[in-house]
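An overview of the molecular structure
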Amino acid sequence: MLGFLKNILSSPSARAVASSPRTTRVIPVVRGRYDAATTTDENRRHWAAADGLSANAANIPNVRRVLRNRARYEVANNSYARGIVLTLANDTIGTGPRLQLLTEDDAANALVEDIFEQWADAINLADKLRTMRMARAESGECFILLIANPQVDSPVKLDLRLIEADQVATPSQAAVGSKVQLNNITDGIVFDSYGNPVLYHVLKNHPGERGALNDLKSDPVPAASVIHYYRADRPGQSRGIPEITPALPLFAQLRRYTLAVIAAAETAADFAAVLYTDAPANGEADSIEPMDIVELERRMATVLPGGWKLGQVAAEQPATTYGEFKQQILNEIARCLNMPFNIAAGNSSGYNYASGRLDHQTYYKSIRVDQEQIGRVVLNHILRAWLEEAILIPGLLPSCVKNAPFSELDHQWFWDGQEHVDPNKEANAQATRLQNNTTTLAYEYARQGRDWEDELRQRAKEVALMNKLGLTMAQVAPSSTKPYSESNNEQNSSKHAA
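Residues numbered from 1 in each chain as written. Predicted model: local features only at pLDDT ≥ 70, side-chain atom pairs only at ≥ 80, totals over all residues. Heavy atoms only, no water.

1. Some points on the packing of aromatic side chains
Stated precisely, the cut-off is as follows: Stacked, tilted and edge-to-face are the three classes applied to pairs of Phe, Tyr and Trp rings, where Trp contributes its six-membered ring and a pair requires centres within 6.5 Å; stacked means planes under 30 degrees apart, edge-to-face means over 60, and tilted covers the rest. In DSSP terms, a helix is any run of H or I states spanning at least four residues, a strand is any run of E spanning at least two, and both are numbered starting from the N terminus. Here the term buried applies to any residue with accessible area under 20% of the maximum for its type, exposed to any over 50%, and partly exposed to those in between, with areas from a 1.4 Å probe on protein chains only.
Following the criterion strictly, the structure yields eight aromatic pairs and no others. Between the aromatic rings of Trp-119 and Trp-386, the centroid separation amounts to 6.4 Å while the plane-to-plane angle is 50°, which identifies the pairing as tilted. Of this pair, Trp-119 sits in helix 6 (residues 106-122) while Trp-386 is found in helix 12 (residues 353-391), placing the two residues 267 residues apart along the sequence. Residue Trp-119 shares its accessibility class with Trp-386, and that shared class is buried. Each ring, one from Tyr-257 and one from Tyr-322, has its centre 5.6 Å from the other, and the planes form 25°; the classification is stacked. Of this pair, Tyr-257 sits in helix 9 (residues 248-270) while Tyr-322 sits in helix 10 (residues 322-335), placing them 65 residues apart in sequence. Each residue in the set Phe-116, Trp-119, Trp-386 and Trp-413 is aromatic and connected to the rest through ring pairs, giving one cluster.

2. Regarding the sheet that holds strand 3 (residues 158-163)
As a reminder, the rule being used: Between any two strands, at least two bridges found by DSSP are needed for them to pair. A fitted line through C-alpha atoms serves as each axis, taken over the contacting stretch for helices, and the angle formed by two N-to-C directions is quoted from 0 to 180°. Contact between two residues is taken to exist if any of their heavy atoms lie within 4.5 Å; hydrogens are not considered.
Pairing is antiparallel in the open sheet, where three strands are placed in the order 3-2-8. Lying at the two open borders of the sheet, with one neighbouring strand each, are strand 3 and strand 8 (226-230). Put simply, the sheet's adjacent strands are angled 25° from each other on average, direction ignored. Bridging between strand 2 (residues 141-148) and strand 8 involves five bridges; their strand directions are antiparallel. Bridged to Phe-143 within strand 8 is His-228. Against the sheet, helix 7 (residues 125-138) engages strand 2, strand 3 and strand 8, with an angle of about 20° to strand 3.

3. Let's talk about the packing of helix 7 against helix 12
Put simply, the test is: Throughout this description, any angle smaller than 35 degrees is read as roughly parallel, any larger than 145 degrees as roughly antiparallel, any in the 65 to 115 degree range as roughly perpendicular, and the remainder as oblique. By convention, the crossing between two helices is left-handed when the near helix turns anticlockwise from the far helix through less than a right angle, and right-handed when the turn is clockwise.
Axis separation between helix 7 and helix 12 bottoms out at 13 Å; the angle between their running directions is 125°. Between helix 7 and helix 12, the interaxial angle falls into the category oblique. Between helix 7 and helix 12 the crossing geometry is right-handed. Taken together, the residues of helix 12 that come into contact with helix 7 (itself represented by Leu-125, Leu-129, Met-132, Arg-133 and Arg-136) are Asp-370, Gln-373, Ile-374, Val-378, Leu-379 and Ile-382.

4. Observations regarding the pattern of salt bridges
This is how the line gets drawn: Any carboxyl oxygen of Asp or Glu that lies within 4 Å of a side-chain nitrogen of Lys or Arg is treated as forming a salt bridge with it.
Under the criterion given, the structure shown has 22 salt bridges. A salt bridge links Arg-72 to Asp-166; the nearest nitrogen and oxygen atoms lie 2.7 Å apart. Within this pair, whereas Arg-72 is found in helix 4 (residues 61-77), its partner Asp-166 is found in the loop between strand 3 and helix 8 (173-176), the two being separated by 94 residues in sequence. Per residue, the accessibility class of Arg-72 equals that of Asp-166, and both read buried.

5. Considering helix 10
Quick reminder of the rule: In this analysis, the expected span of each helix is defined as 1.5 Å times one less than the number of residues it contains. This arc describes the spread of directions from the helix axis toward the C-beta atoms.
For helix 10, built from 14 residues, the straight-helix expectation of 20 Å at 1.5 Å per residue is met to within 8% by its first-to-last C-alpha distance of 20 Å. Along helix 10, the positions that sit buried rather than exposed are Tyr-322, Lys-326, Ile-329, Leu-330, Ile-333 and Ala-334. End-on, the buried residues of helix 10 take up no more than an arc of 130°, which puts them together on one face. Away from its buried face by more than 90 degrees, helix 10 exposes Glu-324 and Arg-335.

6. Observations regarding the nonpolar core
Filter applied, for reference: Definition used in this section: a nonpolar core is a set of buried Ala, Val, Leu, Ile, Met, Phe, Trp, Tyr and Cys residues joined via side-chain atoms within 4.5 Å.
Counting residues in hydrophobic clusters, the biggest one holds 38 residues, and the most contacted among them are Trp-119, Val-378, Trp-386 and Leu-397. Secondary-structure elements contributing two or more residues to this core are strand 1 (98-101), helix 6, helix 7, strand 2, strand 3, strand 8 and helix 12. In this view, Trp-119 contacts Val-152, Ser-154, Val-156, Leu-158, Ile-382 and Trp-386; residues no more than four positions away in its chain are not counted. Membership of the second largest hydrophobic core comes to 28 residues, among which are Ile-244, Ile-333, Ala-334 and Ile-367.

7. A few points about the environment of Leu-129
As for its position among the elements, Leu-129 is in helix 7. Given a relative accessible area of 1%, Leu-129 falls into the buried group. Residues contacting Leu-129, with those up to four places away along its chain left out, are Ile-93, Pro-97, Val-378 and Leu-379.

8. Some thoughts on the side chain of Gln-237
The line we're drawing: Under the rule applied, a polar contact is a pair of N or O atoms within 3.5 Å (in protein, one hydrogen donor and one hydrogen acceptor; residues adjacent in sequence only if both atoms are side-chain atoms).
By the secondary structure assignment, Gln-237 is in the loop between strand 8 and helix 9. When its relative accessible area of 7% is taken as the criterion, Gln-237 is described as buried. Engagement of the side chain of Gln-237 in a polar contact is seen with the backbone nitrogen of Arg-234, the distance being 3.2 Å. Among the polar contacts made by the side chain of Gln-237, one reaches the main-chain carbonyl oxygen of Arg-239 at a distance of 2.8 Å. Those residues within four positions of Gln-237 in sequence are excluded, and the remaining contacts are Ala-55, Asn-56, Asn-59, Tyr-230, Arg-231 and Ala-232.

9. Notes on unusual backbone geometry
Excluding glycine, residues mostly carry a negative phi; peptide bonds, for their part, are mostly trans. With a phi angle near 60°, Asn-124 is a residue other than glycine that sits in the positive phi range. With respect to the helices and strands, Asn-124 occurs in the loop between helix 6 and helix 7. We note that Asp-187 has phi near 50°; this positive angle belongs to a residue other than glycine. Structurally, Asp-187 is set in the loop between strand 4 (185-186) and strand 5 (189-191). On the accessibility criterion, Asp-187 (16% relative accessible area) is buried.

10. Section: the sheet that holds strand 5
If you trace the four strands from one edge of the open sheet to the other, you get 4-5-6-7, paired in antiparallel fashion. Each edge of the open sheet carries a strand with a single partner, namely strand 4 and strand 7 (218-222). In this sheet, strand 7 lies alongside strand 6 (residues 197-203) in antiparallel orientation, the contact comprising five bridges. Paired with Val-202 across the two strands is Asp-219, which belongs to strand 7.

Structural data, given as structure tokens:
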């Protein structure tokens, strides 16, 4: 039956081809090719280390331990690495985040914001966030334990304890217990069937402490009391690796090259003078002992052997390409952190105004992305835990905040603004945007890391006091001249480069 229908539905030409015993149907095979997927004798060694491991299999504990140790060594001993990590933490965290509630009750908002700010100062929240950001750069991740500290100088005794990545590790099977399957554990983190962390195994002692290897007992900590701060670069990645991992070989090359240049310069400087002769071998020059060493005295006159001349070793170090080599290496190092060269090197001598602003746009956008992640992953978790503790204290919080679920409690976090290179130009542009109604005071103040309501209240107090004292504010018309011309700056930069 199926064969009959197949003959009816098929075309006559197809039936003829099928019925002919001498005709063979050839199916063309299309073979695609990528040059990057081919392996040759030239690129075999270059791609020898490429693998198909998963994110967690590639970042096993031993691999992450080696990366952490090497990254920490570079940050501790390389001034460029130290400066890059410090700058990244300072630019991201600044003086610390500031909470702004957005409920309908302005008085309640101000009260809660003041109480939270006082608590944040009591536990040194800004300092801990900067340390946390540095840990992600040099260790790949940081864990925060939410604990109760009776020594906190605040009605809310909540405190944050920072834990290094080394201290979160999978204990032995006996310590885990029979209720938890080992295949749901990724180096100290227990996940449920949906991939949510439910438990963290925190070692009581850091593995690097003296004598800690003999006693690596752990405490299970519920996920609600732990904040895991890291960046997942691959789907399914559960633990972080240092952000400066791609730059570690470059840091080593930079230090090796610098030490080699210094060694060559010192070797050349060790020879105060050398004796040489233009006479041929066995010629008329007096015979002297080769490689003989003579100590010289200051401000003396001497007579050389016949046929010999006095000269010095040419100091050819550092080479003319030494500075250019360091610039290129630092530029490549900073790229993995989205940091421009002038910030990584602390040197903007080769920049003009336009190129400096253009390079900073990518960096500041990366900073805003980091701040948004910190606000969503870290600060919101901290605020929720803080509210749960503060609600239990009678009379501390207003009722509108107590009765509101956290998901419905509108709020935002303010960070330090980025200073403009030319404040005059930025002020004129800001005035134009406000006049054209293309921006708001809330947005403009937020760019500077300030609360627009607090600033307007303060400004109103100042104006009221000035009127009371009979003081007037001089009206200064904006100057038509450009105090900082981009074209002039570019010309000066070109002259400087020439």
